[in-house]
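Spelled out from the first residue to the last, the chains are:
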Amino acid sequence: MSGTKENVKITALEVENLKRVKAVALSVQDRALTVIGGRNGQGKTSVLDAIMWALGGDRFKPTNPVRSGQDEAYVKIDLDNGVTVERAGKNGTLKVTSSRGNGGQALLNEFVNQFALNIPRFMAASSAEKAKMLLDVYPDLGKELARLNAEAKRLFDERHAMGQIADRKAKYADELPWDFSLPEEPLSGAEMAAKLQAALSVNSRNQARRQEAVQAEESVKAALYRTQSAQKRVGELRQALEEAESAMEFAQREHARLQNELGAARKTAAELQDEDTTAIQKELEHIDSINAAIRSNQSKKAAQDEANYLKAQYQAMTEKLEAVRADRIKLLASVQMPLDGLSLDESGDLIYRGQPWDCMSGAEQLRAAAAICAAVNPKCGFVLLDKLEAMDPDSLAEFAGWLAERNLQAIGTRVGTGDECSIVIENGEVVEKKEEFKF
């Protein structure tokens, strides 16, 4: 694999007397993935520490860099952009040689990605910090995503609060009693009194008519008595026959008239219907309690109406929230991520294939970390990975293919001595090289 100065990779390295390493020399120029194998405590991680110190500077200097019993350590790294980096002595004096002459740490910082040297720092970072590192690669995406996330959170919080209020209102409305026998509006005392007065007036008129009928009946009786008296007097007073007959005729006519009036009065009296004032009087007596029940009905209806309104608002906010979420998904889909399947969830945390970081497999975490770290500084074409035992041989081979497709290089360690290892270290030295097996 040939590199360019825009994508710098390591071609070879030498490490002597650094931490647990005695002497390790390794050519990695043609490898997308170099696996340093061995048992625990044999110096595998010390090789990575040497690379980190050589390229990253004093911030990566081990506390005790020199191997126990030795006087000084030495690290040499050749890069495919023509730069050679050396650190020697107890303090690791830096020497950087390039086609442009000698340089220093500033030259290395142009193309060395600090996170690529320190993947464990990335692995230990919080989900928010991992997401921030990814968004640093896409500043415009970060701004728009932050806006959409804030809008989604605002809508979600408002909708949640409205839903709680709607539920409380609905529960309150359900608990209120409802009397279906009552009118919708409270009763008016004045109106009820007026109705009672009107009913009493009708009853008074009816009573007067009944009294008239009684008087008419008395008059009829009196007229009948006079008629009978007149008839008696006819026999007794023949001398006054003409006067008596006239009186009789008059009395008969009067009797007939009054008889007719009596019939009419009886008929009218029979047809008269008194107004029942019992209900009105009862309503007047209990008007306060009735109105309280009516107002209770009105409160229940108002609570139900408000609960229904809030539910409608909740649904409207749900639609707005879904629209914002759709915009967010569309925005993320429009960006070519460093790794297919890599994205951010609604809370802004990093996810891969829909899974949060703590639900990813060790292999998925390493792949995501490598992809993001490589994207942070495209000039740096390599990453250092510890604990590659998280990947089985097939996963390692697949990972190597993924690195090759992206013109990237990874140097990592693995507990084991199998064929997937490029070299095997024992007691700080290379005891086996597997040059024929190249990822």
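Residues numbered from 1 in each chain as written. Predicted model: local features only at pLDDT ≥ 70, side-chain atom pairs only at ≥ 80, totals over all residues. Heavy atoms only, no water.

### Some thoughts on the overall build of the protein
Along the protein, the regular secondary structure elements total 12 helices and 14 strands. Taken against the 2.2 N^0.38 rule, which gives 22 Å for 439 residues, the C-alpha radius of gyration of the protein at 54 Å runs more than 25% over that of a compact globule. Along the three orthogonal principal directions, the C-alpha set of the protein runs to about 180 × 40 × 35 Å. A total of 439 residues make up the protein; the buried ones form 41% of that total. For the protein, contacts bridging at least 24 residues in sequence account for 71% of all contacts bridging at least 6. Accessible area of the protein: about 24,200 Å², with a carbon and sulfur share of 49%. Taking the average place of the 58 positive charges on the side chains of the protein and the average place of its 67 negative ones, the gap between the two points comes to 4 Å. (Helix = DSSP H or I, 4+ residues; strand = E, 2+ residues; numbered from the N terminus. Rg over C-alpha atoms; globule rule 2.2 N^0.38 Å. Buried < 20%, exposed > 50% of the residue type's maximum accessible area, 1.4 Å probe, protein only. Contact = heavy atoms within 4.5 Å. Areas by Shrake-Rupley, 256 points an atom, 1.4 Å probe, with all protein chains shown as cover. Lys, Arg positive; Asp, Glu negative; His and termini not counted. Charge placed at Lys NZ, Arg CZ, Asp CG, Glu CD.)

### A look at the pairing of strand β3 (residues 33-38)
Across the 6 residues that make up β3, a large majority, 6, are buried. Of the two faces of β3, both are covered, the one formed by L33, V35 and G37 as well as the one formed by T34, I36 and G38.

### Section: the sheet that holds strand β9 (residues 350-352)
The 3 strands lie next to each other as β8-β9-β10, forming an open sheet whose pairing is antiparallel. The outermost strands of the open sheet, each flanked by one partner alone, are β8 (342-344) and β10 (355-356). The pairing of β8 with β9 spans 3 bridges and is classified as antiparallel. Bridge pairing in β9 places S343 opposite I351. (Pairing = 2+ DSSP bridges.)

### Quick notes on the packing of helix α6 (residues 139-175) against helix α10 (residues 287-333)
Relative orientation of the contacting elements α6 and α10 amounts to 160°, with a least axis distance of 8 Å. Here α6 is positioned roughly antiparallel relative to α10, judged by the angle of their axes. When you trace α6 past α10, the crossing you get is left-handed. By residue class, the composition of the contact of α6 with α10 is 21 nonpolar, 5 polar and 13 charged. (Axes fitted to C-alpha atoms, helices over the stretch in contact; angles between N-to-C directions. Parallel < 35°, antiparallel > 145°, perpendicular 65-115°, else oblique. Left-handed = near helix turned anticlockwise from the far one by under 90°. Nonpolar A, V, L, I, M, F, W, Y, C, P; charged D, E, K, R; others polar.)

### A word on the pattern of salt bridges
Applying the stated criterion across every chain, the model contains 15 salt bridges. Two residues, R154 and E158, come together in a salt bridge whose shortest N-O distance is 2.8 Å. Placement of both R154 and E158 in helix α6 is noted, with a separation of 4 residues, approximately one turn of the helix. By relative accessible area, which is 37% here, R154 ends up partly exposed. When salt bridges that share partners are traced, they join E151, R154 and E158 into one network. (Salt bridge = Lys/Arg side-chain N within 4 Å of Asp/Glu carboxyl O.)

### Comments concerning the packing of aromatic side chains
In this structure the tally under the stated criterion is 3 aromatic pairs. Ring centres 6.0 Å apart and planes at 65° place the aromatic pair W178 and F180 in the edge-to-face group. Classification of W178 by relative accessible area gives partly exposed; the value is 36%. Above the face of the F122 ring, K130 is positioned so that its terminal group lies 5.8 Å from the ring centre. The ring of W357 has K130 lying over it, and the distance from NZ or CZ to the ring centre is 4.5 Å. (Phe/Tyr/Trp six-rings, centres within 6.5 Å; stacked < 30°, edge-to-face > 60°. Lys NZ or Arg CZ within 6 Å of the ring centre and 35° of its normal.)

### Focus on the environment of A12
Along the chain, A12 falls in strand β1 (residues 10-18). Each C-alpha atom, one on A12 and one on E110, is 20 Å from the other, the two residues being 98 residues apart in sequence. Residue contacts for A12: discarding those within four places in its chain leaves L26, S27, V28, K76, I77 and D78.

### A short note on the pairing of strand β13 (residues 423-426)
Bridge count for β3 against β13 is 2 bridges, and the pairing is parallel. Bridged to I36 within β13 is I423. For β13 and strand β14 (residues 429-433), the ladder comprises 4 bridges, and the chain directions are antiparallel. Directly across from E426, in β14, lies its bridge partner E429.

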